[in-house]
Amino acid sequence: MGLPNPLVGAYWACYDSSCPPLSQVPTNAAGVGGYNTLFIFQILPDGTTGRLSFDSQSVESTAQLKTDIAAKRAAGISILLSFGGSGGYLAISSQAIASTFVTSLEAIIAELGPVDGLDWDIEGGPMYAAEMTSIGQQLKAKYGNGFSITMAPGPWDTAAAAVAKTMYAGGALDVVGPQFYEQGTLSHTEMVSNVTQRITDIWLPAVDGNKDALMIGFELAASDNTAADYMAPATAVGAWQASPVRGAFVWNIAEETADGHLFLNDVAPAIVGSSPVPAPPPTPPAPPPAHHHPHHGGKRA
């Protein structure tokens, strides 16, 4: 069915027993009060030959997951399988490995039932543009052009952007979503500026300036920097509004469930335009006029 626009997505990390069963994840095809895109995490390499493995037993059986995926898709929700992540690196350094990857992924898709695409989350080593382009082209040839290919790289990763550019030009990448998860201890303004600059300088050029081929990844906390440098919802809203692209996604559903769905309640409405969004953090009041030169300091912009 392809990817929705606007896109309101989340990663369902099936290795994490605190993650709710897929049937309990709030979803809505329009992205109002629920996600309209779910990334099933994670497909892992089984050795170095391109063979893959998938195990959702920590949350639910394969049979139940197949049923849940079918139900979500019937309700208009896009479901993508996500490959890689931390500890899941595979060097796809030859066409033989790429071919094995495709065959193995096709077997997993056959077991889980139809899905809507593949998400690349390559961490821990280089990407191989020619082989990843070939994989995307083969999958689209088998499942149709509506089978979407996405990528979730580090926002600073210019090497990944070069690979994305090759894949996009080859019709093997539909949407790229840099992960603005942990940016360092920055102010609200600096976090927003960091997103805007990297989207403008690195990622728009990778997709020929097509904003519909970009999404933004967030990891949220109640306020800026309270948990591993994550963003507050208002900061995420500011970042998305400064760089309005196809949509955004959040890592991950287990965290979001524990935090009371910060992304769905406070960020997604800005993306779909359905309700007011949270106000930015208040600006400290200006100091009273002084008769000496003000001190110039503060964080690096």
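Residues numbered from 1 in each chain as written. Predicted model: local features only at pLDDT ≥ 70, side-chain atom pairs only at ≥ 80, totals over all residues. Heavy atoms only, no water.

A. Expanded view of the confidence of the model for the protein chain. Taken residue by residue, the protein chain gives an average pLDDT of 89. The fraction at 70 or more is 89%. Here residues 276-301 is a poorly scored stretch, pLDDT under 50, and it has 19 contacts once near neighbours within four places are set aside; other chains count. (pLDDT = per-residue confidence, 0-100. Contact = heavy atoms within 4.5 Å.)

B. Highlighting the layout of surface pockets. Space inside the largest pocket adds up to approximately 440 Å³. Lining the largest pocket are 25 residues, with Asp-121, Glu-123, Ala-152, Gln-179 and Tyr-181 positioned closest to its centre. For the lining of the largest pocket, the class distribution of residues is 14 nonpolar, six polar and five charged. (1 Å grid on protein atoms, 1.4 Å probe; cavity = no way out; pocket = protein on both sides within 12 Å on 5 of 7 lines; lining within 4 Å. Points joined across faces, edges and corners; volume = space filled by probe spheres on them. Nonpolar A, V, L, I, M, F, W, Y, C, P; charged D, E, K, R; others polar.)

C. Summary view of the nonpolar core. Trp-12, Tyr-35, Phe-101, Leu-118, Trp-120, Met-151 and Phe-263 are the most contacted members of the largest nonpolar core, which totals 82 residues. When residues no more than four places from it in sequence are discounted, the contact partners of Phe-101 are Gly-50, Leu-52, Phe-83, Leu-90, Ile-92, Leu-118, Trp-120 and Ile-135. Counting 13 residues, the second-largest nonpolar core is a separate cluster that includes Tyr-11, Phe-39, Tyr-181 and Met-215. (Core = buried A, V, L, I, M, F, W, Y, C linked by side-chain atoms within 4.5 Å. Buried < 20%, exposed > 50% of the residue type's maximum accessible area, 1.4 Å probe, protein only.)

D. A look at unusual backbone geometry. For the bond from Phe-41 to Gln-42, the omega torsion is 15°, close enough to zero to count as cis. Secondary-structure assignment places Gln-42 in strand E2 (residues 37-45). Put simply, Trp-251 and Asn-252 share a cis peptide bond, and its omega is -15°. Within the element layout of this structure, Asn-252 appears in the loop between strand E10 (247-250) and helix H7 (253-258). At Asp-208, a position not held by glycine, the phi torsion is positive, near 55°. If you trace the backbone, Asp-208 turns up in the loop between helix H5 (188-206) and strand E9 (215-218). For Asp-208, a relative accessible area of 61% corresponds to the exposed category. (Helix = DSSP H or I, 4+ residues; strand = E, 2+ residues; numbered from the N terminus.)

E. The arrangement of the environment of Ala-13 in detail. Its location among the elements puts Ala-13 in strand E1 (residues 7-13). Along the sequence, Ala-13 and Gln-42 sit 29 residues apart, while their C-alpha atoms lie 6.7 Å from each other. If we ignore the near neighbours within four places in the chain, the residues touching Ala-13 are Cys-19, Phe-41, Val-59 and Trp-251.

F. How the structure looks around the pairing of E2. Buried residues dominate E2, accounting for eight of its nine residues. In terms of strand pairing, E1 meets E2 through five bridges, oriented parallel. Along E2, the bridge assignment pairs Tyr-11 with Phe-39. As judged from the six bridges shared by E2 and strand E4 (residues 78-84), these two strands associate in the parallel manner. Directly across from Leu-38, in E4, lies its bridge partner Ile-79. Two elements, E2 and strand E3 (residues 52-53), share two bridges in a ladder whose sense is antiparallel. In the sheet register, Pro-45 faces E3, and the bridge partner there is Leu-52. (Pairing = 2+ DSSP bridges.)

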